[in-house]
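Structural overview
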Amino acid sequence: LGARRDWRKLAAAFGKEARVSLLIGLTFGVLVSVGFALLSHEWKIALVVGLSVILAGAAGGMLGLAVTASVRLCRMNPHVAGGPIALAATDAVAVLVFLKVAHHLLI
C-alpha cells in the first residue's frame, strides 16, 4: 500500500512539474524568439530557437524530477548527485531538441 501511494505521489509530482516546466519554457521560448526575430528579422530561425527553448524547458523540468527520484531510489543524496546529473542530461536533451527542430524546419 505504501509503494502504491509513493507512485501516486510521483505521478502527481510529474503532472505538476510538466505544467510548470511547459509554462516556463513557453514564456522564455516566446521571449527569446520574438526578441531574436525583432533584432535579426530572421523569422524562421527565431521559430527554431523558440520551439527549441519551449521543448527543452519542458524536458528539463521533467528530467530534473526524474533524476532526483532515481537518485533517491538508489538511496543517495539527491541534493549532491541530482543537480549535476540533471543539468548534464538537460543540456544534452536541449542540444538534441534544437538539432531535431532545426532539421525539420530549416532543411
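On a predicted model such as this, the values are computed, not experimentally measured, just so you know. (Residues numbered from 1 in each chain as written. Predicted model: local features only at pLDDT ≥ 70, side-chain atom pairs only at ≥ 80, totals over all residues. Heavy atoms only, no water.)

**Re the overall build of the protein**
To keep things clear, this is the line we draw: Helical segments are the DSSP runs of H or I of at least four residues, strand segments are the runs of E of at least two, and each set is numbered from the N terminus. All radius of gyration figures rest on C-alpha atoms, and the globule criterion is 2.2 Å times the number of residues raised to 0.38. Burial here depends on accessible area, computed with a 1.4 Å probe over protein chains only, as a share of the maximum for the residue type. Under 20% is buried, over 50% is exposed, and the range in between is partly exposed. Using the Shrake-Rupley algorithm and a 1.4 Å probe, accessible areas are obtained, with residue cover drawn only from the displayed protein chains. By the counting scheme adopted, Arg and Lys are positive, Glu and Asp are negative, and His together with the chain ends is not counted. Note that the charge is assigned to NZ on lysines, CZ on arginines, CG on aspartates and CD on glutamates.
Assigned secondary structure in the protein consists of three helices and zero strands. Counted from the first residue to the last, the protein has its helices and strands arranged as α-α-α. Over its C-alpha atoms the protein spans a radius of gyration of 17 Å, topping by over 25% the 13 Å that the globule rule assigns to 107 residues. Its C-alpha atoms put the protein at 55 × 25 × 20 Å along the principal axes. For the protein, the proportion of its 107 residues judged to be buried stands at 25%. Accessible surface, the protein: about 7400 Å² in total, of which carbon and sulfur atoms supply 74%. Mean positive and mean negative side-chain charge positions of the protein (10 and 4 charges, respectively) differ by 15 Å.

**Topic: helix α2 (residues 43–73)**
Using the following cut-off: To estimate how far a helix should extend, the number of its residues minus one is multiplied by 1.5 Å.
With 31 residues, α2 ought to run about 45 Å at 1.5 Å a step, and its terminal C-alpha atoms sit 45 Å apart, in line with that. Count one or two residues on from α2 and you reach Arg 75, which has phi positive near 60°.

**Remarks on a nonpolar patch on the surface**
To keep it simple, the criterion reads: The patches described consist of residues with a relative accessible area above 30% and no salt bridge, like charges being joined within 9 Å and nonpolar side chains (Val, Leu, Ile, Met, Phe, Trp, Tyr) within 5 Å. By convention in these notes, a salt bridge is any Lys or Arg side-chain nitrogen within 4 Å of a carboxyl oxygen on Asp or Glu.
A contiguous nonpolar patch, built from Phe 36, Ile 45, Leu 47, Leu 51, Leu 105, Leu 106 and Ile 107 and spanning about 600 Å² of accessible area, is present on the exposed surface. Of all elements in the fold, only α2 and α3 (78–106) reach the threshold of two or more residues within the nonpolar patch. The leading source of residues in the nonpolar patch is α2, at three residues. Structurally, Phe 36 is set in helix α1 (residues 2–40).

**Digging into unusual backbone geometry**
In most cases, non-glycine residues show a negative phi, while peptide bonds are predominantly trans. Unusually for a residue other than glycine, His 41 sits at a positive phi of about 60°. In this structure, His 41 sits in the loop between α1 and α2. The backbone of Arg 75 shows a phi angle near 60°, a positive value even though the residue is not glycine. Here Arg 75 falls in the exposed class, since its relative accessible area comes to 79%.

**Quick word on the side chain of Ser 52**
The condition that has to hold: In what follows, a contact means two residues having at least one pair of non-hydrogen atoms within 4.5 Å.
One can find Ser 52 in helix α2. The class for Ser 52 is buried, based on a relative accessible area of 5%. If we skip the residues at most four places from it in the chain, Ser 52 touches Val 97, Phe 98 and Val 101.

**Looking at the confidence of the model for the protein**
Worth spelling out the cut-off: Confidence per residue, as judged by the predictor, is encoded in pLDDT with a range of 0 to 100.
Here the protein averages 89 in pLDDT, and 94% of its residues register 70 or above. When pLDDT is averaged over each helix and strand of the protein, the minimum, 88, is found for α3 and the maximum, 91, for α2.

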